[in-house]
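Next come the chains, spelled out residue by residue.
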Amino acid sequence: MQVLKDALAGVKPGRALDVGTRLGEFAFRLAKAMPEGSEVIGIDRDPAVEEKVREKFAEKGLEFRVMDGASMDFPDGYFTAVALSNTLHHIENYEAVLAEMLRVLEPSGMFILNEMYRDGQSAAQQVHAAQHTLVAKLDCLLGDYQRETWTREEIVEIFRRLP
């Protein structure tokens, strides 16, 4: 949490977006880290999560919308900060989602990525990664999309290729 607060220390109050918010864990952290007076919106394309989070979001002063990250209903440059937390490996067409996030981010805004990676980890992180890999394989068998996590260099390369 402190790392996020430090990263956002120079950001002016504004709007923040959490893409693929699921149950809102990162959106809540983002709301605490953003400057006072900021608005936080979480989006997820899965309508099944809406019932679970809409009330929870309202209690925390956040807004939730069912929306596909690859085709957002926000104008260009609408957000001061956009975030994607532990979601990149769940997105089949991640290039489209990242491009759309850049479109809705104001030119001097902050792009926040919090993503699990599979290399250079402690023993505890390796156990978590192995557990995650198992869950990913089970999710795929049930019809959900999820790839194995990338290395840190692979994640950096994804962002190097962005326009």
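Description of the structure in this document. (Residues numbered from 1 in each chain as written. Predicted model: local features only at pLDDT ≥ 70, side-chain atom pairs only at ≥ 80, totals over all residues. Heavy atoms only, no water.)

Some words on the overall build of the protein chain
At step 1: In terms of regular secondary structure, the protein chain is built from 6 helices and 5 strands.
At step 2: Going from the N terminus to the C terminus, the protein chain shows its helices and strands as α-β-α-β-α-β-β-α-β-α-α.
At step 3: What you see for the protein chain is a C-alpha radius of gyration of 16 Å, in line with the 15 Å of a compact globule of 163 residues.
At step 4: Once the C-alpha set of the protein chain is aligned to its principal axes, its extents read approximately 40 × 35 × 30 Å.
At step 5: Taken across its 163 residues, the protein chain has 40% of its residues classed as buried. (Helix = DSSP H or I, 4+ residues; strand = E, 2+ residues; numbered from the N terminus. Rg over C-alpha atoms; globule rule 2.2 N^0.38 Å. Buried < 20%, exposed > 50% of the residue type's maximum accessible area, 1.4 Å probe, protein only.)

Side note on the packing of aromatic side chains
At step 1: In total, this model carries 7 aromatic pairs according to the counting rule given.
At step 2: Between the aromatic rings of Phe57 and Phe64, the centroid separation amounts to 5.6 Å while the plane-to-plane angle is 70°, which identifies the pairing as edge-to-face.
At step 3: A residue is classified by how much of its surface remains accessible, and Phe57, at 0% relative accessible area, is buried.
At step 4: What makes Phe64 buried here is its relative accessible area of 3%.
At step 5: Ring geometry for Phe111 against Phe159: centres 5.4 Å apart, planes inclined by 80°, an arrangement best described as edge-to-face. Here Phe111, found in strand 5 (residues 105–114), pairs with Phe159, found in helix 6 (residues 152–160); they are 48 residues apart in sequence, far enough to count as distant.
At step 6: Residue classification places Phe111 among the partly exposed positions, given a relative accessible area of 22%.
At step 7: Taken together, the ring pairs in this structure connect Phe28, Phe57 and Phe64 into an aromatic cluster.
At step 8: Across from the ring centre of Tyr78, 3.8 Å away, lies the NZ or CZ of Arg15, which sits over that ring.
At step 9: The aromatic ring of Phe28 is capped on one face by Lys60, whose charged end is 5.5 Å from the ring centroid. (Phe/Tyr/Trp six-rings, centres within 6.5 Å; stacked < 30°, edge-to-face > 60°. Lys NZ or Arg CZ within 6 Å of the ring centre and 35° of its normal.)

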